[in-house]
Amino acid sequence: QVQLVESGGGQVQAGGSLRLSCAASGGTFSRYYMGWFRQAPGKEREFLATISRSGSSTSYRDSVKGRFTIGRDNAKNTVYLQMNSLKPEDTAVYYCAAGRISQLIATHARNYDYWGQGTQVTVSS
């Protein structure tokens, strides 16, 4: 059983930056590919970014490409999401997730086994 705890959320003005962290425990972190998702009020959870077990492969949602960067530190059992040029439409609860079923990375929530509790990001205009 893997436990995931997100941190780093908060309130920021449009154009600002935040760095989210997700600390994993209870499993061998390097055996999991990781992902970040978000859910805004009244909307479905959406994929943002994913990173392979080694960190060598990544994939992003089109709307965040060039603004968000996913990274991981297997020695620290942590995955990060650096978010720059934030927009009001980025306001949501952000979740990290861990999965093992896919060979490399995964962009759909059904391919993830464990989820964090979420951290709120609010971007004001």
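Please refer to the structure higher up on the page.
Rules behind the numbers
- Residues numbered from 1 in each chain as written.
- Predicted model: local features only at pLDDT ≥ 70, side-chain atom pairs only at ≥ 80, totals over all residues.
- Heavy atoms only, no water.
- Helix = DSSP H or I, 4+ residues; strand = E, 2+ residues; numbered from the N terminus.
- Rg over C-alpha atoms; globule rule 2.2 N^0.38 Å.
- Buried < 20%, exposed > 50% of the residue type's maximum accessible area, 1.4 Å probe, protein only.
- Contact = heavy atoms within 4.5 Å.
- Areas by Shrake-Rupley, 256 points an atom, 1.4 Å probe, with all protein chains shown as cover.
- Lys, Arg positive; Asp, Glu negative; His and termini not counted.
- Charge placed at Lys NZ, Arg CZ, Asp CG, Glu CD.
- Phe/Tyr/Trp six-rings, centres within 6.5 Å; stacked < 30°, edge-to-face > 60°.
- Lys NZ or Arg CZ within 6 Å of the ring centre and 35° of its normal.
- Salt bridge = Lys/Arg side-chain N within 4 Å of Asp/Glu carboxyl O.

Draft legend 1. Spotlight on the overall build of the chain. Broken down by element type, the chain carries zero helices and eleven strands. Starting at the N terminus, the α and β elements of the chain follow one another as β-β-β-β-β-β-β-β-β-β-β. Against the 2.2 N^0.38 benchmark of 14 Å for 125 residues, the chain shows a C-alpha radius of gyration of 13 Å, consistent with a compact globule. For the chain, the spread of C-alpha atoms along the principal axes amounts to about 40 × 25 × 25 Å. Residues counted as buried form 45% of the 125 residues belonging to the chain. Look at the contacts in the chain between residues 6 or more apart in sequence, and 60% of them connect residues 24 or more apart. For the chain, the computed accessible surface area is about 6,300 Å², with 44% contributed by carbon and sulfur atoms. Mean positive and mean negative side-chain charge positions of the chain (14 and 8 charges, respectively) differ by 5 Å.

Draft legend 2. Structural context of the packing of aromatic side chains. Tallying each qualifying case throughout the model produces six aromatic pairs. Plain terms: the ring middles of Tyr-33 and Tyr-112 are 5.3 Å apart, the flat faces sit at 80 degrees to each other, and that makes the pair edge-to-face. Here Tyr-112 lies in the loop between β9 (92-99) and β10 (114-115) and Tyr-33 lies in strand β4 (residues 33-39), a separation of 79 residues in the sequence. In this structure, Tyr-33 and Tyr-112 share a single accessibility class: buried. Both rings, one in Phe-37 and one in Phe-47, keep their centres 5.8 Å apart while their planes meet at 70 degrees; by these two values the pair is edge-to-face. Placement of the pair is Phe-37 in strand β4 and Phe-47 in strand β5 (residues 46-51), with a sequence separation of ten residues. Residue Phe-37 is classed as buried on the basis of its relative accessible area, which comes to 2%. Accessibility expressed as a relative area gives 10% for Phe-47, which makes it buried. One aromatic cluster is present, built from ring pairs that chain together Tyr-33, Phe-37, Phe-47, Tyr-112 and Trp-115. The ring of Tyr-80 has Arg-19 sitting right over it, with the charged end atom 4.0 Å from the ring centre.

Draft legend 3. Structural view of the pattern of salt bridges. In total, this model carries five salt bridges according to the counting rule given. Note that Asp-90 and Arg-38 form a salt bridge whose closest N and O atoms lie 2.8 Å from each other. Here Asp-90 is found in the loop between β8 (78-83) and β9, whereas its partner Arg-38 is found in strand β4, with 52 residues between them in sequence. Across the pair Arg-61 and Glu-46 runs a salt bridge whose closest N-O atoms are separated by 3.2 Å. Here Glu-46 lies in strand β5 and Arg-61 lies in the loop between β6 (58-60) and β7 (68-73), a separation of 15 residues in the sequence. Judged by relative accessible area, which is 21%, Glu-46 ranks as partly exposed.

Purely spatial values, then, with no claim about function.
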